[in-house]
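Working through the structure, step by step
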Amino acid sequence: MSTGPFHVTDANFDETIGKNKLVLIDFWASWCGPCRALAPTIEELAKETDGKVLIGKLDVDENPDTAQRFQVFSIPTMIIFKDGKEAERLVGLCPKSRIADTLKKHE
C-alpha cells in the first residue's frame, strides 16, 4: 500500500472496495472549498492507517457514475466500506478525530 490516498475512479471502484476489508472513500471535487480544506486530513489519515484502512479519493466530476450510484449529493462525503458494503458515511467537513473514531468502530 502507498502512504497517500489511493486514486479511485469509476473503472477501479468495485475492485478497490472488493479487495480491501476496510475502505474510506472521500468523494470530492477540485472546486469545492470544504473538500480542499479536508484534503490534508485525508492525507494524514492515509499515512496513519496504512496497512489497516485503504483511504481513497474519488473526484465526483471525473467519476459521476459512482457518485450517482451511492447518491452522493453533497461533498465532501466520506463513505466507509467494510467487506465491500457501505458501513457508514460522513457528510461535510469533519474534524480528523471524528473520522478516525468512526473508522475505529469498523476495524
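Here, every reference points to the structure presented above.
What comes next is a walk through the structure. Note that the coordinates shown come from a computational prediction; the quantities given were computed from them, not determined experimentally.

1. Examining helix H4 (residues 96-106)
Turning to H4, its buried residues number three or more, namely Ile-99, Ala-100, Thr-102, Leu-103 and His-106. Buried residues in H4, looked at end-on, bunch into an arc of 160 degrees, giving them a common side. Facing away from the buried side of H4 by over 90 degrees, the exposed positions are Lys-104 and Lys-105. Summarising the contacts, the buried residues of H4 are in contact with strand S2 (22-28), helix H2 (33-48), strand S3 (54-59), strand S4 (77-82) and strand S5 (85-91).

2. Observations regarding the sheet that holds S2
Taken together, the five strands give an open sheet; going across it, the order is S1-S3-S2-S4-S5, and neighbouring strands pair in mixed fashion. In this open sheet, the two edge strands, each paired with only one partner strand, are strand S1 (6-8) and S5. The sheet shows a mean angle of 25 degrees between the axes of neighbouring strands, taken without regard to direction. Against the sheet, H4 touches S2, S3, S4 and S5, its axis set at about 165 degrees to S5.

3. Points about the environment of Met-78
Assignment of secondary structure puts Met-78 in strand S4. Between the C-alpha atoms of Met-78 and Leu-24, which are 54 residues apart in sequence, the distance is 6.5 Å. Sequence-distant contacts of Met-78, that is, excluding residues within four places in its chain, are made with Leu-24, Ile-25, Asp-26, Leu-38, Ile-42, Glu-88, Arg-89, Leu-90, Gly-92, Cys-94 and Ile-99.

Definitions and limits used
Residues numbered from 1 in each chain as written. Predicted model: local features only at pLDDT ≥ 70, side-chain atom pairs only at ≥ 80, totals over all residues. Heavy atoms only, no water. Buried < 20%, exposed > 50% of the residue type's maximum accessible area, 1.4 Å probe, protein only. Helix = DSSP H or I, 4+ residues; strand = E, 2+ residues; numbered from the N terminus. Arc of directions from axis to C-beta. Contact = heavy atoms within 4.5 Å. Pairing = 2+ DSSP bridges. Axes fitted to C-alpha atoms, helices over the stretch in contact; angles between N-to-C directions.

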